[in-house]
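Here's the letter readout for the chains.
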Amino acid sequence: MEKTNTILSRRKNLSIERCSCCDNIILYHKNLLLKFSPKSFQKFTSTLIDLDFNKRSITFADGTERMVINTQQKEVQMCFQKSEFKTICYALEEASVMLEVNDILYT
Ligand SMILES: [Zn+2]
């Protein structure tokens with residue numbers, strides 16, 4: 001039977017999982033999928049949760065406040081509304097704790 005990914009955190013539209021074949025961490029949100037090494041995942045998490053939404057958000061043409069976040073790929077940026085940003089921060093923190101627990105238990 002094919003191994004399935006380990007779920008580290010799941011909230012509506014958002015899932016953070018550890019790949020079954022390697023240590024990579026996969027984050028998907030609707031149709032966006034990001035793949036991290038364990039190290040780059042930690043860096044992404046600590047960078048993101050330190051961002052101040054109120055300082056960094058801008059008003060988009062539709063009137064919504066969103067924060068734009070650059071990725072390694074200069075053509076690709078993510079943008080979050082405040083509630084989405086909170087959700088992703090909670091999920092990232094939860095996933096980080098799960099990873100630490102897994103490391104303590106299985107290594
Ligand atoms: Zn893999």
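As a starting point, this report considers the structure included with it. (Residues numbered from 1 in each chain as written. Predicted model: local features only at pLDDT ≥ 70, side-chain atom pairs only at ≥ 80, totals over all residues. Heavy atoms only, no water.)

### With respect to the overall build of the chain
Alright, step 1. Tallying secondary structure elements over the chain gives three helices and seven strands in all.
Alright, step 2. Starting at the N terminus and ending at the C terminus, the chain contains elements arranged as β-β-β-β-α-α-β-β-β-α.
Alright, step 3. Each of the three principal axes of the chain carries a C-alpha extent, and together these read 50 × 25 × 25 Å.
Alright, step 4. For the chain, the residues scored as buried account for 34% of the 107 residues in total.
Alright, step 5. Summarising the internal contacts of the chain: among those between residues at least 6 apart in sequence, 34% fall at separations of at least 24.
Alright, step 6. As displayed, the chain offers around 7,500 Å² of accessible surface, 52% of which is attributable to carbon and sulfur atoms.
Alright, step 7. Side chains of the chain give 15 positive and 13 negative charges; the mean places of these two sets differ by 2 Å. (Helix = DSSP H or I, 4+ residues; strand = E, 2+ residues; numbered from the N terminus. Buried < 20%, exposed > 50% of the residue type's maximum accessible area, 1.4 Å probe, protein only. Contact = heavy atoms within 4.5 Å. Areas by Shrake-Rupley, 256 points an atom, 1.4 Å probe, with all protein chains shown as cover. Lys, Arg positive; Asp, Glu negative; His and termini not counted. Charge placed at Lys NZ, Arg CZ, Asp CG, Glu CD.)

### A short note on the coordination of the zinc ion
Alright, step 1. Every protein donor of the zinc ion is accounted for by Cys19 (SG), Cys21 (SG) and Cys22 (SG), and the metal-donor separations fall at 2.2 to 2.3 Å.
Alright, step 2. On the primary sequence, the residues serving as donors to the zinc ion are separated as C-x1-C-C.
Alright, step 3. Residue cysteine 21 is classed as exposed on the basis of its relative accessible area of 68%. (Donors = N, O, S within 2.8 Å, 3.2 Å for Na, K, Ca; no water.)

### Quick notes on the pattern of salt bridges
Alright, step 1. All chains considered together, the criterion is met by four salt bridges.
Alright, step 2. Among the salt bridges present, the one from glutamate 94 reaches arginine 11, with a minimum N-O distance of 3.5 Å. Of this pair, glutamate 94 sits in helix H3 (residues 82-106) while arginine 11 sits in strand S1 (residues 6-11), and the two are 83 residues apart along the sequence.
Alright, step 3. Taking the relative accessible area as the measure of exposure, glutamate 94 reaches 34% and is therefore partly exposed.
Alright, step 4. Residue arginine 18 pairs with aspartate 23 through a salt bridge whose shortest N-O separation is 3.8 Å. (Salt bridge = Lys/Arg side-chain N within 4 Å of Asp/Glu carboxyl O.)

### Overview of the packing of aromatic side chains
Alright, step 1. Scanning the model with the defined rule gives four aromatic pairs in all.
Alright, step 2. The interplanar angle of 65 degrees and the centroid separation of 5.8 Å between the aromatic rings of phenylalanine 36 and phenylalanine 41 together place this pair among those described as edge-to-face.
Alright, step 3. Aromatic ring contacts, followed pair by pair, group Phe36, Phe41 and Phe44 into a single cluster.
Alright, step 4. The ring of phenylalanine 60 carries the charged tip of arginine 66 above its face, separated from the ring centre by 5.8 Å. (Phe/Tyr/Trp six-rings, centres within 6.5 Å; stacked < 30°, edge-to-face > 60°. Lys NZ or Arg CZ within 6 Å of the ring centre and 35° of its normal.)

### Topic: the pairing of strand S6 (residues 65-70)
For a regular strand, side-chain orientation follows a simple rule: the groups alternate between the two sheet faces.
Alright, step 1. Summarising the sheet, strand S5 (residues 58-59) and S6 pair through two bridges and their orientation is antiparallel. The partner of threonine 59 across the bridge, within S6, is glutamate 65.
Alright, step 2. Taking the residues that link successive antiparallel strands as the turn, the S5-S6 hairpin has five residues, and the phi of glycine 63 there is positive, at about 90 degrees.
Alright, step 3. Inspection of the sheet shows S6 paired to strand S7 (residues 77-80) by four bridges, in the antiparallel sense. Following the sheet pairing, asparagine 70 is matched in S7 by glutamine 77.
Alright, step 4. In this antiparallel pair of consecutive strands, S6 and S7, the connection spans six residues. (Pairing = 2+ DSSP bridges.)

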